[in-house]
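Here are the chains, one letter per residue:
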Amino acid sequence: MYYPELLEVIDKTGAKEAIEKIDKYFAFLPNRSENIITISNLANRLELDYSIIGVILKYLYELGIVDKVYIAICPECGREILISNQKELISKVKELDYCIKCRNEIFIKSEDIVVGYKVIKQPEIGSVDIAIETSKLFGSESHNFNDEDILEKMFENHKENPNDFFYDPSEVEIEKLKKAFESLDSDYGDSTTEQGKALEGLMCDLFNICDGMHATTDIRTPTNQIDCTIRNDYFIPLTVYRELGSIFKIECKNEPAKKPDNTYYHKLHSIISGNKNDKEQAIGIIASRLEPTGTCKTLAREFFLNDRIIIINICDKDLKRIIFEKANLLELLQEKIQTIKNNISTDPDKHKLYRKKSSS
Ligand SMILES: [Zn+2]
């Protein structure tokens, strides 16, 4: 890293790839201290998600790597006409009644002001390296800040899915999941424990792929053995991390011929309700081979309304989508949680609110 402080931001956000791109970009940015960066031009240039960049820039500002500037855009011609720090912004804007670029009389309102950033810290890299790398990176491309189409770019970039940053399994990981999935039906003889462990292991591996999550099968309480417990370190707006809370539990039932019923739901519900207060939302997952019986959905809805416990199910059908069709696990969780919270009865394949148009 050219900015070693960014390692801390990787720990906090998990957005490793995005931060590495930004690290390199800042290090080789020509006229670093003169160049004004905005969330939208950075998102565009580095092909990253608008909201992720926003979060990262906030951290960079706290770390003193960037400073905030305010850019006034002419409401008539859409060009950048003033750059100011926060202190002088109001007084400067008040005086700004004429655009030097389009020569119109103007009146600047708050929506004409965009927040930008300046890189104020030098990277840990020599000037010769900078010169070499800069020419490689940018070629002859112009990198002037262009303030046109800011809104359009914002909306374009919002379309990209932040969940893809945090759940991005490698080929090796997918292969491992495929093997684990196939092993669910191996011959375990009389050992139901071994058979159960196969599904527990698969769930653990799956959740360990998510940035910021740590899954284990080794947690007991004085009264219960929890099949799989997941610690979640992130609270990320626009993603399901926010819904999941700091810890959640999975009960695994590797029973190829038995549908999970109300008993399983009640058991998990009672374990969870002993570990939270009234106001907290908590998520529990029943991992099974078959879909639960019809009454489980109604029960899950009741649990949610009564005490904010949301029990969802992941079964073979879902695992196949995740492992073989490369659906995003976080997206699937979001779909399942929101379905209960909003009492959605439409088939997710039909409303596609949480599914990519290309898949299925
Ligand atoms: Zn103008």
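Everything below is about the structure shown above.
Report follows, based on the coordinates. In this text the structure is predicted, and so the values were computed from the model without any measurement.

**Here we look at the overall build of the chain**
Thinking step 1. Of regular secondary structure, the chain possesses 16 helices and eleven strands.
Thinking step 2. Residues counted as buried form 33% of the 360 residues belonging to the chain.
Thinking step 3. Considering only contacts within the chain whose residues lie at least 6 apart along the sequence, 65% involve residues at least 24 apart.

**Re helix H3 (residues 39–46)**
Thinking step 1. Among the residues of H3, Ile39, Ser40, Asn41, Leu42 and Ala43 are the ones counted as buried.
Thinking step 2. At the C-terminal side of H3, glutamate 47 shows a positive phi close to 55°.

**Points about the packing of helix H9 (residues 171–183) against helix H10 (residues 192–208)**
Thinking step 1. Interhelical geometry of H9 versus H10 gives an angle of 160° and a closest axis separation of 9 Å. The orientation of H9 relative to H10 falls into the category roughly antiparallel. Crossing hand, H9 versus H10: left-handed. In this structure, H9 uses Lys176, Leu177, Ala180, Phe181 and Ser183 to contact H10, whose residues at the interface are Ala198, Gly201, Leu202, Asp205 and Leu206.
Thinking step 2. Of the residues assigned to the contact of H9 with H10, the class counts are six nonpolar, two polar and two charged.

**As for the sheet that holds strand E3 (residues 80–84)**
Thinking step 1. Taking strand neighbours across the sheet as the criterion, the four strands line up as E1-E4-E2-E3 in an open arrangement whose pairing is antiparallel. Lying at the two open borders of the sheet, with one neighbouring strand each, are strand E1 (36–38) and E3. Sheet twist, expressed as the average angle between the axes of neighbouring strands with direction ignored, equals 40°.
Thinking step 2. Bridge count for E1 against strand E4 (residues 113–119) is three bridges, and the pairing is antiparallel. The residue of E4 that forms the bridge with isoleucine 36 is lysine 118.

**Concerning the pairing of strand E11 (residues 309–314)**
Thinking step 1. Buried residues dominate E11, accounting for six of its six residues.
Thinking step 2. By the bridge criterion, six bridges tie strand E10 (residues 282–288) to E11 in an arrangement that is parallel. Bridge assignment links alanine 282 to a residue of E11, and that residue is isoleucine 309.
Thinking step 3. Between E10 and its parallel partner E11, the chain crosses via helix H13 (residues 295–307), and the hand of that crossover is right-handed.

**As for the sheet that holds strand E8 (residues 228–232)**
Thinking step 1. Spatial strand order, E5-E8-E9-E10-E11: five strands in an open sheet with mixed pairing. On the outer flanks of this sheet lie strand E5 (213–216) and E11, each paired with one strand and no other. Averaged over neighbouring strand pairs, the angle between their axes works out to 20° when direction is ignored.
Thinking step 2. Most of the contacts of helix H12 (residues 262–273) go to E10, to which it runs at about 145°, and overall it touches strand E9 (247–253), E10 and E11.

**With respect to unusual backbone geometry**
Thinking step 1. The backbone of arginine 308 sits at a positive phi, close to 55°, despite the residue not being glycine.
Thinking step 2. Arginine 308 sits in the partly exposed class, given 18 other C-beta atoms within 10 Å.
Thinking step 3. Backbone geometry at asparagine 343 places phi at a positive 55°, although glycine is not the residue there.
Thinking step 4. Looking at the element boundaries, asparagine 343 is found in the loop between helix H15 (329–341) and helix H16 (348–351).
Thinking step 5. Judged by C-beta crowding, with 11 C-beta atoms within 10 Å, asparagine 343 ranks as exposed.

**Quick word on the nonpolar core**
Thinking step 1. With 73 residues, the main nonpolar core has Ile53, Ile56, Met203 and Ile311 as its most contacted residues.
Thinking step 2. At seven residues, helix H4 (residues 50–62) tops the list of elements feeding residues into this core.
Thinking step 3. With residues up to four places along the chain from it excluded, the contact list for isoleucine 53 reads Ile39, Leu42, Ala43 and Leu48.

**Digging into the pairing of strand E2 (residues 66–73)**
Thinking step 1. Two elements, E2 and E4, share seven bridges in a ladder whose sense is antiparallel. Bridge pairing links tyrosine 70 to valine 115 in E4.
Thinking step 2. Sheet topology note: the E2/E3 ladder contains four bridges and is antiparallel. The residue bridging isoleucine 73 from the neighbouring strand is glutamate 80, located in E3.
Thinking step 3. Counting the residues in the hairpin turn of E2 and E3 gives six residues, including glycine 78, whose phi is positive at 75°.

Reading the values: the criteria
- Residues numbered from 1 in each chain as written.
- Predicted model: local features only at pLDDT ≥ 70, side-chain atom pairs only at ≥ 80, totals over all residues.
- Helix = DSSP H or I, 4+ residues; strand = E, 2+ residues; numbered from the N terminus.
- Buried ≥ 20, exposed ≤ 12 C-beta atoms within 10 Å, placed from the backbone.
- Contact = placed C-beta atoms within 7 Å.
- Axes fitted to C-alpha atoms, helices over the stretch in contact; angles between N-to-C directions.
- Parallel < 35°, antiparallel > 145°, perpendicular 65-115°, else oblique.
- Left-handed = near helix turned anticlockwise from the far one by under 90°.
- Nonpolar A, V, L, I, M, F, W, Y, C, P; charged D, E, K, R; others polar.
- Pairing = 2+ DSSP bridges.
- Right-handed = clockwise from strand over helix to strand, strands pointing away.
- Core = buried A, V, L, I, M, F, W, Y, C linked by C-beta atoms within 7 Å.

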